[in-house]
Amino acid sequence: MEKIFPKPLKKGDKIAIISPAGSVEPTQLEKGIEMIKSKGYEPVLGKNLYTKFSNGYNYAGTETERLKDMNWALNDNEISAVWASRGGYGCQHLLESLNLKEFSKNPKWYIGYSDNTVIQSYLLKKGFASIHGQTIKTSSFGVTEESYDLLFDILKGKKLKYSLKSHQLNKQGIIEGELIGGNLALVYALLGTKYSFDFKDKILFIEDIGENFYALDRMIMSLELAGVFTKIKGLIVGGMTNMGDEKENKQYEESFDEFAYKLISDRISKYNFPVVFGFPNGHIKDNRPLIIGSKIKMKVEDKIKIEF
């Protein structure tokens, strides 16, 4: 299926901001909302953007409230892009009741990462590309300006090109394929469901935060048992941060935890597809956007080039 890419935004276009998962405080979004205005777009806030509902987790409203905002943002023809305020947990609640009736006639960019991976997998199943990049909340964390500038470049219709330094665990090769994936915990959570990514001949991207090393290994092991590594053409590994025990792991605050990388590398050592470690995307300050559903060319040699 040929993937559908939303049309570029024009100055003055409206960007909906919604909270499909965890709750947020207005102060956490102020900087991001001002940034959207400064780029010439009009932020439109979902009715339940700051709603709170506690049910074993602090959600941004009940499932009904969050779904209402999501379906409004996806289908309102005055909205040109949908930007998640944050991730957390809760997007899976919405999958069974998402409505793409108007969205299908007028596709728009969906922007987010972390828990938003499940929404992006859903959209990809329907044939629509999306942006795996910064949420609005992360603008208050001191993330790099380039993270957002590149995201706005995509909204304007510009092509992405990345050049990276080599990593000792990389596996060389040149491939082309469709990019899928996102947060590893959610890629893992969707395995065996009708919302799981189709891995055949794809290039898989994974990133994660705050997992014990055994839990990371369990997720990679599950991908192996599901046959994922026999299907994909290539792998890109992004941020792995706050992994293991904070008191024991000297790299706990690092963006690219080397022990996490070694665990992944060891698990996939028997496969011969190209692998890139250290891609700047994930729960890290330099979180540069990727387009899920885009065809990419990946050249892994002494230098790494990834072109969209």
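What counts and what doesn't
Residues numbered from 1 in each chain as written. Predicted model: local features only at pLDDT ≥ 70, side-chain atom pairs only at ≥ 80, totals over all residues. Heavy atoms only, no water. Pairing = 2+ DSSP bridges. Helix = DSSP H or I, 4+ residues; strand = E, 2+ residues; numbered from the N terminus. Axes fitted to C-alpha atoms, helices over the stretch in contact; angles between N-to-C directions. Contact = heavy atoms within 4.5 Å. Core = buried A, V, L, I, M, F, W, Y, C linked by side-chain atoms within 4.5 Å. Buried < 20%, exposed > 50% of the residue type's maximum accessible area, 1.4 Å probe, protein only. Salt bridge = Lys/Arg side-chain N within 4 Å of Asp/Glu carboxyl O. Phe/Tyr/Trp six-rings, centres within 6.5 Å; stacked < 30°, edge-to-face > 60°. Right-handed = clockwise from strand over helix to strand, strands pointing away.

Draft legend 1. The arrangement of the sheet that holds strand E8 (residues 161–164) in detail. Read across the sheet, seven strands follow the order E8-E15-E14-E9-E10-E11-E12 without closing on themselves; strand pairing throughout is mixed. Two strands bound the open sheet, and with one partner strand each, they are E8 and strand E12 (275–277). Across the sheet, the mean angle separating the axes of adjacent strands is 25 degrees when strand polarity is ignored. Pairing of strand E10 (residues 202–209) with strand E11 (residues 234–241) involves six bridges; the strand directions are parallel. Directly across from Asp208, in E11, lies its bridge partner Met240. The strands touched by helix H8 (residues 258–267) within the sheet are E10, E11 and E12, with E11 carrying the most contacts at an inclination of about 155 degrees.

Draft legend 2. Broad picture of the nonpolar core. Core analysis: the largest hydrophobic core is formed by 98 residues, its most contacted members being Trp109, Leu235, Ile236, Ile264 and Ile306. Once you skip the residues sitting within four places of it in the chain, Ile236 turns out to touch Leu179, Ile203, Leu204, Phe205, Ile206, Val276, Phe279, Ile296, Met298 and Ile306.

Draft legend 3. How the structure looks around the pattern of salt bridges. Following the criterion strictly, the structure yields 14 salt bridges and no others. Put simply, Lys3 and Glu178 hold a salt bridge, and the shortest N to O gap is 3.3 Å. With a gap of 175 residues between them, Lys3 in the segment before strand E1 (14–18) and Glu178 in strand E9 (residues 173–183) connect regions that are remote in the sequence. Residue class for Glu178 comes out buried when judged on its relative accessible area of 13%. For the salt bridge of Lys105 with Glu102, the shortest nitrogen-to-oxygen distance reads 3.2 Å. For Lys105, a relative accessible area of 60% puts it in the exposed group. Within this structure, Glu146, Asp286 and Arg288 form a network of salt bridges that share partners.

Draft legend 4. Geometry of H8. Those residues of H8 that fall on the buried side of the exposure criterion are Ala260, Tyr261, Leu263, Ile264 and Ser265. Residues of H8 that are buried in the fold lie against E10, helix H6 (213–225), E11 and E12.

Draft legend 5. Region of interest: the packing of aromatic side chains. One pass over the structure, following the stated rule, counts 18 aromatic pairs. Pairing Tyr41 with Phe152 gives two aromatic rings, centres 6.0 Å apart and planes at 5 degrees, and the pair type is stacked. Of this pair, Tyr41 sits in the loop between helix H1 (26–38) and strand E2 (42–45) while Phe152 is found in helix H4 (residues 145–156), placing the two residues 111 residues apart along the sequence. Taken individually, Tyr41 and Phe152 each receive the classification buried, so the pair is uniform in this respect.

Draft legend 6. Highlighting the pairing of E2. As paired strands, E1 and E2 are joined by four bridges and run parallel to one another. Each bridged residue has a counterpart across the sheet, and for Ala16 the counterpart in E2 is Val44. Once you follow E1 into H1 and on to E2, the crossover reads as right-handed.

Draft legend 7. How the structure looks around the pairing of strand E6 (residues 109–112). Residues of E6 alternate between two faces, with Trp109 and Ile111 on one and Tyr110 and Gly112 on the opposite face, all of them buried. Bridge count between strand E5 (residues 79–84) and E6: three bridges; the pairing is parallel. From the neighbouring strand, Ala81 faces E6, where its bridge partner is Trp109. Relative to strand E7 (residues 130–132), E6 runs parallel, the two being bridged by two bridges. Within E7, the position partnered with Ile111 by the bridge is Ile131.

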